[in-house]
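# Residue-level structure breakdown
Spelled out from the first residue to the last, the chains are:
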Amino acid sequence: MIKNFFRNLNRKKLKNEAYQYLFDDEPKNEYVCLDCETTGLNPKKDEILSIGAVLIKENKILMRKTFNIFVKPSDEISIESILIHRIRPIDLQNAIDPEEAIYQLLEFIGSRTIVGYYIKFDIAMISKYTKKYIGIKLPNASIEVSSMYYRTKKRRSDYEFVDLKFDTIMKELDIPMLGKHDALNDAIMTSMIFLKLKGLSPAQSTFYT
C-alpha cells in the first residue's frame with residue numbers, strides 16, 4: 001500500500017505524458033541490467049559519462065538488445081576522474097547531450113525492473129536527470145545483486161563478514177571477467193551474476209529494493 005502511494009504520488013509529478021509507460025505493468029520475465037560510469041560518487045554534483053545496459057528475457061542475456069552511449073559532461077573531466085573511470089576526452093568526442101541520452105535510456109528500459117550492482121547509486125544518478133527533464137525520479141523497481149549474493153552465503157552467525165566486492169562475487173560464482181570500467185561490460189557481467197544467483201536463490205521478489 002505504501003509503495004503504491006509513493007508510486008502514484010511520483011506519477012502525478014510527471015511533466016510529460018509521453019512517459020506514462022514507465023508506470024505500466026512490468027513485462028513478465030524481463031529485466032534491464034545497467035551500469036553508469038560517472039565523474040564521481042556524489043549524485044548531487046557529479047555527472048554521468050556513459051551508460052551501458054542489456055536486456056534479460058526468459059533467463060537469457062540478449063546481446064542483440066544492448067544500450068551503450070557516452071554522455072557529454074558540462075565541463076572538462078579531471079585527471080583524477082579519468083584515472084577512476086578510464087574515460088578520456090577523446091572517448092567523449094561523439095557523446096550526446098544528457099537530455100537525449102536519458103530519453104533514449106528510458107525508451108530502452110520501459111517499465112522493466114532494473115538489475116545492478118549497488119544499483120541505488122546508478123538510479124540516484126539517473127533520477128537526477130529524469131527529475132530535471134520529466135519531473136520524476138526513475139520509478140522502476142530494482143534488484144540488487146550484492147543482496148542476492150549475501151543471502152546465498154552460509155554464515156555461522158548474522159554478524160559474520162561477507163565480502164561483497166564485485167571481483168569477489170565474480171570469482172565465487174566462477175563467472176568470466178570482461179574488461180572493467182566499461183559500462184556495457186559491467187552490465188553484462190552483472191547480468192551473469194543475476195542469472196547465476198537467480199538459479200540459486202529463493203523467489204527474486206524478496207530482493208526488490
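Residues numbered from 1 in each chain as written. Predicted model: local features only at pLDDT ≥ 70, side-chain atom pairs only at ≥ 80, totals over all residues. Heavy atoms only, no water.

Attention now moves to the sheet that holds strand β1 (residues 30-38). If you trace the 5 strands from one edge of the open sheet to the other, you get β3-β2-β1-β4-β5, paired in mixed fashion. Since the sheet does not close on itself, it has two edges, and those belong to β3 (60-70) and β5 (142-144), each with one partner. The sheet shows a mean angle of 25° between the axes of neighbouring strands, taken without regard to direction. Pairing of strand β4 (residues 113-116) with β5 involves 3 bridges; the strand directions are parallel. The residue bridging Ile114 from the neighbouring strand is Ser142, located in β5. The sheet strands contacting helix α3 (residues 98-109) are β1, β2 (48-57), β3 and β4, and the helix crosses β3 at an angle near 170°. (Pairing = 2+ DSSP bridges. Helix = DSSP H or I, 4+ residues; strand = E, 2+ residues; numbered from the N terminus. Axes fitted to C-alpha atoms, helices over the stretch in contact; angles between N-to-C directions. Contact = heavy atoms within 4.5 Å.)

A few words now on the side chain of Thr130. Note that Thr130 resides in helix α4 (residues 119-134). Given the relative accessible area of 1%, Thr130 is considered buried. Not counting the four nearest positions on each side in its chain, Thr130 is found in contact with Ile102, Leu106, Gly135, Ile136, Lys137 and Leu138. (Buried < 20%, exposed > 50% of the residue type's maximum accessible area, 1.4 Å probe, protein only.)

This paragraph deals with the side chain of Ser127. Relative to the assigned elements, Ser127 resides in helix α4. A relative accessible area of 8% places Ser127 in the buried class. The residues touching Ser127, leaving out its near neighbours within four places in the chain, are Ile136, Lys137 and Leu138.

Attention now goes to the packing of α3 against α4. Contact geometry of α3 with α4 gives a least axis separation of 10 Å together with a crossing angle of 100°. One way to sum up the angle between α3 and α4 is to call them roughly perpendicular. Contacts from Pro98, Glu99, Ile102, Tyr103, Leu105 and Leu106 in α3 reach Ile126, Tyr129, Thr130, Tyr133 and Ile134 in α4. Tallied by class, the residues present in the contact of α3 with α4 amount to 9 nonpolar, 1 polar and 1 charged. (Parallel < 35°, antiparallel > 145°, perpendicular 65-115°, else oblique. Nonpolar A, V, L, I, M, F, W, Y, C, P; charged D, E, K, R; others polar.)

Another aspect to go through is the pairing of β2. Along β2, 9 of the 10 residues are buried, which leaves the element largely enclosed by surrounding structure. Relative to β2, β1 is paired through 9 bridges, and the arrangement is antiparallel. Across the sheet, the residue bridging to Cys36 is Ile51, located in β2.

Here we take up the layout of surface pockets. Estimates place the volume of the second largest pocket at around 570 Å³. Along the wall of the second largest pocket there are 22 residues; nearest its centre are Asp35, Cys36, Glu37, His181 and Asp186. Those elements that provide at least two residues to the lining of the second largest pocket are β1, α2 (79-85), α4, α6 (166-172) and α7 (183-200). Of the residues forming the lining of the second largest pocket, the biggest block, 5 residues, is contributed by β1. Broken down by class, the residue content of the lining of the second largest pocket amounts to 9 nonpolar, 7 polar and 6 charged. (1 Å grid on protein atoms, 1.4 Å probe; cavity = no way out; pocket = protein on both sides within 12 Å on 5 of 7 lines; lining within 4 Å. Points joined across faces, edges and corners; volume = space filled by probe spheres on them.)

Our next topic: the state of the cysteines. On inspection of all chains with the given rule, the structure shows 0 disulfides. For the unlinked cysteine Cys33, the closest cysteine sulfur is that of Cys36, found at 11 Å. For Cys33, a relative accessible area of 0% gives the class buried. Assessed through its relative accessible area of 7%, Cys36 is described here as buried. (Disulfide = S-S within 2.5 Å.)

Let us look at unusual backbone geometry. For Asn29, which is not a glycine, the phi torsion comes out positive at approximately 60°. On the secondary structure map, Asn29 appears in the loop between α1 (2-12) and β1. Look at Asn59: it is not a glycine, yet its phi comes out positive at around 65°. Here Asn59 is to be found in the loop between β2 and β3.

Note: β2 against β3, 8 bridges, orientation antiparallel. Bridge pairing in β3 links Val54 to Thr66. Counting the residues between successive antiparallel strands, the hairpin from β2 to β3 contains 2 residues, one of them, Glu58, with a positive phi of roughly 50°.

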